[in-house]
Amino acid sequence: MSDPLVVIDADVLGRQRTGDETYVQQLLRALPGAGDGLRFAAITRHPELVPAGVEPIRLPTRLQELRMAVRVPLLLRRLRPALAHFVHSLPLMLPCPAVLTVQDLSFERDRSLMGARETAIFRIVVPRSVHRARRVLAISQRTKDDLVDLYHTAPEKVVVTPLAYDPAFRPGGTRGDYLLLVGSVEERKDPLLAVEAARVAGRRLVVAGPERDASLAAELRRRGADVRGFVPSDELVRLVQEAAALLFPTRYEGFGLPVAEAMACGTPVVATLDPAVREVGGDAIAYAARDSFAQTVVRVLADPEPWSHAGLERARVFSWEKTAQQTVAVYREILS
């Protein structure tokens, strides 16, 4: 009798989806080592990006709605997995139990943070998927609390499986004089607060992340920021390692992965007081209200070493191996 097959939807691979793509990529790398007695397969447009130990299943897609309504259900019916794992939404038809990962519910808390069409789709699809999933994985306690509060999800149905950083993020390089903002260029990340803080501190701001809002990216450039768009992983590691500090003035996060990556490099972090970021940073990063953000940046830059050491220590809390073990424990509970 063959080992049970777990199929993971890895459609985000190669699509520059920042946190979602990092989550799927790193989880796939760690699952084979944590899932003895299970087989893993990944549905993807880019089989070459699937890590060793996971069977890639190519499924080219042009229209996402058709993919989730027809193509994925047909593929699952053919593969006959014991379990399927999706991020954010489930296909219309499921021939097997499903696990759903929810990154955050920002689209419910503040409808201005996404485009109107995307917000409307998420507000229909996500709650229905949460209801249908056998178990829901939340990447932070903050996201679990939102699921319970907003969707009245039973707390025992939701398991917190925190994100972690790629091991490539470690101390290295020569510390530069620029400040760094990592994440998609959109209102939710409040990049204008970061560029103003950089101006007050007399430093250059480098922005690394997809330009979701073209007018916002243009305004950042007008104010002197070096907006680089989506950057390859090796370049991102170097940027984080050599930054004088990471600025993270977010309005809402499900986790705050750039904070963990910066701490792992010994790079000081200044962030707004977001509950999920507090979960990640603990007491190892500097928090600031919006009206004192720039002043806090100046203070951290004047004495960065304590923040660097505290971040390195705090980063040890997170590992993809631990996240994979927690995820596999959920798989086994369902399969049993």
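Structure: above.
Below is a summary of the structure that appears in this document. (Residues numbered from 1 in each chain as written. Predicted model: local features only at pLDDT ≥ 70, side-chain atom pairs only at ≥ 80, totals over all residues. Heavy atoms only, no water.)

Considering the environment of Val160
Position of Val160 among the secondary structure elements: in strand β7 (residues 158-160). Once the C-alpha coordinates of Val160 and Thr101 are considered, the two residues, 59 residues apart in sequence, prove to be 9.6 Å apart. Among residues more than four places away in sequence, those in contact with Val160 are Ala138, Ile139, Ser140, Gln141, Lys144 and Gln326. (Helix = DSSP H or I, 4+ residues; strand = E, 2+ residues; numbered from the N terminus. Contact = heavy atoms within 4.5 Å.)

What about the nonpolar core?
Note that soluble globular proteins tend to have their nonpolar side chains buried in a common cluster. The biggest cluster of nonpolar side chains holds 62 residues, and the ones touching the most others in it are Phe40, Leu180 and Tyr331. Filtering out sequence-adjacent residues up to four positions away, Tyr331 remains in contact with Val6, Ile8, Leu31, Leu38, Phe40, Leu83, His85 and Val99. (Core = buried A, V, L, I, M, F, W, Y, C linked by side-chain atoms within 4.5 Å. Buried < 20%, exposed > 50% of the residue type's maximum accessible area, 1.4 Å probe, protein only.)

Some words on helix α7 (residues 214-222)
Of all the residues in α7, the buried ones are Leu216, Ala217 and Leu220. Axial view of α7: buried residues confined to an arc of 100 degrees, hence all on one face. In α7, the exposed residues that point more than 90 degrees away from the buried face are Ala214, Ser215 and Arg222. Close packing links the buried residues of α7 with α6 (191-201), β9 (205-208) and β10 (226-227). Just downstream of α7, Gly224 is the residue with a positive phi angle, here 100 degrees. (Arc of directions from axis to C-beta.)

Concerning the packing of helix α1 (residues 19-34) against helix α13 (residues 320-335)
At a minimum axis separation of 8 Å, α1 and α13 run at an interaxial angle of 75 degrees. Comparing their axes, α13 and α1 come out roughly perpendicular. In this structure, α1 contributes Thr22, Tyr23, Gln26, Leu27, Ala30, Leu31 and Ala34 to the contact, and α13 contributes Trp320, Glu321, Ala324, Gln325, Thr327, Val328, Tyr331 and Arg332. (Axes fitted to C-alpha atoms, helices over the stretch in contact; angles between N-to-C directions. Parallel < 35°, antiparallel > 145°, perpendicular 65-115°, else oblique.)

Regarding the sheet that holds strand β2 (residues 39-44)
With respect to topology, seven strands assemble into an open sheet ordered β3-β2-β1-β4-β5-β6-β7, the strand pairing being parallel. Single-partner strands in this sheet number two, and they are β3 (55-58) and β7. Each strand of the sheet is rotated relative to its neighbour by a mean of 25 degrees, with strand direction disregarded. Pairing of strand β6 (residues 135-138) with β7 involves three bridges; the strand directions are parallel. When the sheet's bridge partners are listed, Val136 is paired in β7 with Val158. (Pairing = 2+ DSSP bridges.)

A few points about the environment of Leu257
Take Leu257: it is sitting in helix α9 (residues 257-265). Relative accessible area serves as the criterion here: at 8%, Leu257 is assigned to the buried category. Apart from the residues within four sequence positions on either side, Leu257 is in contact with Thr22, Leu163, Ala164 and Tyr165.

So, the pattern of salt bridges
Under the definition given, this model contains 27 salt bridges. Across the pair Arg290 and Asp190 runs a salt bridge, and its minimum N-O distance is 3.0 Å. Note that Arg290 is positioned in the loop between β13 (286-288) and α11 (293-302) and Asp190 in the loop between β8 (179-182) and α6, a separation of 100 residues in sequence. Relative accessible area serves as the criterion here: at 9%, Asp190 is assigned to the buried category. A salt bridge links Arg238 to Glu242; its shortest N-O distance comes to 3.6 Å. Of this pair, Arg238 and Glu242 both sit in helix α8 (residues 233-242), four residues apart, roughly one helical turn. Using a relative accessible area of 19% as the deciding quantity, one classes Glu242 as buried. Through salt bridges that share partners, Arg109, Arg142, Asp146, Asp149 and Asp274 make up one connected network. (Salt bridge = Lys/Arg side-chain N within 4 Å of Asp/Glu carboxyl O.)

Observations regarding the packing of aromatic side chains
Evaluation of the coordinates by the stated rule reveals four aromatic pairs. Their ring planes at 65 degrees and their centres at 5.2 Å tell us that Phe107 and Phe122 sit as a pair that is edge-to-face. Pair noted here: Phe107 is in helix α3 (residues 106-109) and Phe122 is in helix α4 (residues 116-132), with a separation of 15 residues, a long-range link. By relative accessible area, which is 1% here, Phe107 ends up buried. Consider the rings of Phe255 and Phe318, whose centres lie 5.9 Å apart with planes at 85 degrees: the pair is edge-to-face. Separated by 63 residues along the polypeptide, Phe255 in the loop between β11 (245-248) and α9 and Phe318 in the loop between α12 (305-315) and α13 bring together distant segments of the chain. Each of the two residues, Phe255 as well as Phe318, counts as buried. (Phe/Tyr/Trp six-rings, centres within 6.5 Å; stacked < 30°, edge-to-face > 60°.)

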